[in-house]
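Structural features, examined
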Amino acid sequence: MKLAIVGATGLVGTELLKVLAERQFPLTELLPVASAKSVGQLVHFLGKDYPVVSMDDAIAARPDIAIFSAGGSVSKEHAPRFAAVGTTVVDNSSAWRMDPTKKLVVPEINASTLTADDKIIANPNCSTIQMVVALNDLHKAYGLQRIVVSTYQSVTGTGKKAVDQLLEERAGQVASNPAYPYPIDLNVLPHIDVFEENGYTKEEMKMVHETKKIMGDSNIQVTATCVRIPVMGGHSEALNVQFHKEFALNEVRAILHDTAGVELVDEPSQNRYPMPKDSHGRDAVLVGRLRRDETQPCTLNMWVVADNLRKGAATNAVQIAEYLVANKLVG
Ligand code: 2RA
């Protein structure tokens, strides 16, 4: 299995290599791809050093799978070039997510829709992935009607520049190359990605549109407020979820206990609840703070935390690649 990683030197690219190694993905050849200035730079993987190659050389090598994490414009331009030589692309950017001809996949939910004809597959946004993983089985049991979500997103979602800004500010320095228009340390920014005409940010609208597509139900109503906070371990989300059917809390617990990809962390009397420091470096979506919203029927409050670089990006993409290999849809 020949695998290309486009964006191999970024935060998600580095996490992809970690996850591929941890999960012993059956690759026979690795093609790390990064910007022209990085060509020749060595990437260490499973005890071997691999030179970064150019996009053209990677395409010419005709890899079976190319996992992209290099931004939307790179994906728009080069994913079709890989697909044209028979490579199956799994793309972490937003470039293809809402394209009606492309699948938007969270393996626990809709991997079964994939076929060998899918040559460009979109990985959802990190804040969407953890939310739909937590809600998928509850949706099957009670029917999602409306989700009000507030996110508390790690600076790692922005990238290395934002991590550097936080660390410099934390060390009492003025950020040398800030990622944000304001200080992020001891602050929060209700601004992730760009503002749209309707007053929401692109990040907030991704949660609205992607949720409907992944769950296959355009009637699910979602409204979001996405906020950047000075943490590193993962994204946290407060969900207020209205279902069509009434539920019992103990039944909700039982369903979440058995939901693929979810770990229930909910013992407030023991001060046990999900926190980014506990999700960091793990693939589980941690769910806790379950309580009924007494202000309206069929409505549940919950708290969801996951490492946005792992299940929110790298692990979800590798799980898609594993599904493709296991079901002989590539190679
Ligand atoms: C963020 N979800 O957290 C976006 C992109 N990774 O910035």
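Everything numeric in this text was worked out from a predicted model, so none of it was measured.

Rules used in this analysis
Residues numbered from 1 in each chain as written. Predicted model: local features only at pLDDT ≥ 70, side-chain atom pairs only at ≥ 80, totals over all residues. Heavy atoms only, no water. Pairing = 2+ DSSP bridges. Helix = DSSP H or I, 4+ residues; strand = E, 2+ residues; numbered from the N terminus. Contact = heavy atoms within 4.5 Å. Axes fitted to C-alpha atoms, helices over the stretch in contact; angles between N-to-C directions. Domains from an automatic or database assignment. Buried area = accessible area lost by both parts, 1.4 Å probe. Salt bridge = Lys/Arg side-chain N within 4 Å of Asp/Glu carboxyl O. Polar contact = N/O pair within 3.5 Å; in protein donor to acceptor, adjacent residues only side chain to side chain. Nonpolar A, V, L, I, M, F, W, Y, C, P; charged D, E, K, R; others polar. 1 Å grid on protein atoms, 1.4 Å probe; cavity = no way out; pocket = protein on both sides within 12 Å on 5 of 7 lines; lining within 4 Å. Points joined across faces, edges and corners; volume = space filled by probe spheres on them. UniProt positions renumbered as here; feature names shortened; annotations may be inferred.

Observations concerning the sheet that holds strand 8 (residues 120-122)
Ordered in space as 2-1-5-6-8-7, the 6 strands form an open sheet in which the pairing is parallel. Lying at the two open borders of the sheet, with one neighbouring strand each, are strand 2 (29-33) and strand 7 (103-104). Here strand 5 (residues 65-68) pairs with strand 6 (residues 88-91) via 4 bridges, running parallel. From the neighbouring strand, A66 faces strand 6, where its bridge partner is V89. Along the sheet face, helix 1 (residues 11-22) touches strand 1 (2-6), strand 2 and strand 5 and points at about 150° away from the line of strand 1.

What to know about the domain arrangement of the protein chain
Domain annotation of the protein chain identifies domain 1 (2-124 + 313-326) and domain 2 (127-308). Opposite the 18 residues of domain 1 that make contact, domain 2 presents 18 residues. Of the roughly 1500 Å² buried at the junction of domain 1 and domain 2 (both faces included), carbon and sulfur atoms supply 65%. A per-residue breakdown of the area domain 1 buries against domain 2 is headed by L11, E108 and I109, which together make up 35% of the total. Put simply, domain 1 and domain 2 have 2 salt bridges between them. The partner of E210 in a salt bridge is R97, with the nearest N and O atoms 3.2 Å apart. The interface formed by domain 1 and domain 2 includes 6 residue pairs in polar contact (both at pLDDT 80 or more). Looking at the side of domain 1 that touches domain 2, the elements that each hand over two or more residues are helix 4 (107-110) and helix 10 (310-326). Its residues assigned to classes, the side of domain 1 that touches domain 2 shows 8 nonpolar, 5 polar and 5 charged.

Comments concerning the sheet that holds strand 12 (residues 262-264)
Across the sheet, which stays open at both edges, the 6 strands sit in the order 10-9-11-14-13-12 with mixed pairing between neighbours. Where the open sheet ends on each side, the last strands, each with one partner, are strand 10 (221-228) and strand 12. Put simply, the sheet's adjacent strands are angled 25° from each other on average, direction ignored. Sheet topology places strand 11 (residues 235-243) next to strand 14 (residues 299-306); 8 bridges connect them, and they run antiparallel. Residue Q242 lies in a different strand from strand 14, and its bridge partner there is T299. Most of the contacts of helix 7 (residues 202-215) go to strand 10, to which it runs at about 140°, and overall it touches strand 9 (144-153), strand 10 and strand 11.

What to know about the layout of surface pockets
Of the pockets and cavities examined, the largest pocket occupies roughly 980 Å³. Around the largest pocket sit 47 residues that line it, and V12, S69, G71, G157 and T158 are the ones nearest its centre. Going through the elements one at a time, helix 1, helix 3 (72-84), helix 7 and helix 10 are the ones with two or more residues in the lining of the largest pocket. For the lining of the largest pocket, the class distribution of residues is 19 nonpolar, 23 polar and 5 charged. Each of domain 1 (2-124 + 313-326) and domain 2 (127-308) contributes no fewer than three residues to the lining of the largest pocket.

Brief notes about the UniProt feature "binding site: NADP(+)" (unreviewed entry) in the protein chain
Per the UniProt record, "binding site: NADP(+)" (unreviewed entry) is annotated on T9, G10, L11, V12, K37, S38 and N308. Spatial dispersion of the annotated residues is evident: they stretch over 300 residues in sequence, and the largest pairwise C-alpha distance comes to 27.3 Å. Considering only the annotated residues already named, the ones lining the largest pocket are T9, G10, L11, V12 and N308. Relative to the helices and strands, T9 resides in the loop between strand 1 and helix 1. If we skip the residues at most four places from it in the chain, T9 touches T14, A34, Q41 and V52. By the element assignment, N308 lies in the loop between strand 14 and helix 10. When neighbours within four sequence positions are excluded, N308 is seen to be in contact with C126, S154, T156, G157, G234, H235 and A313. Side chain to side chain, N308 and T156 meet in a polar contact 3.0 Å long.

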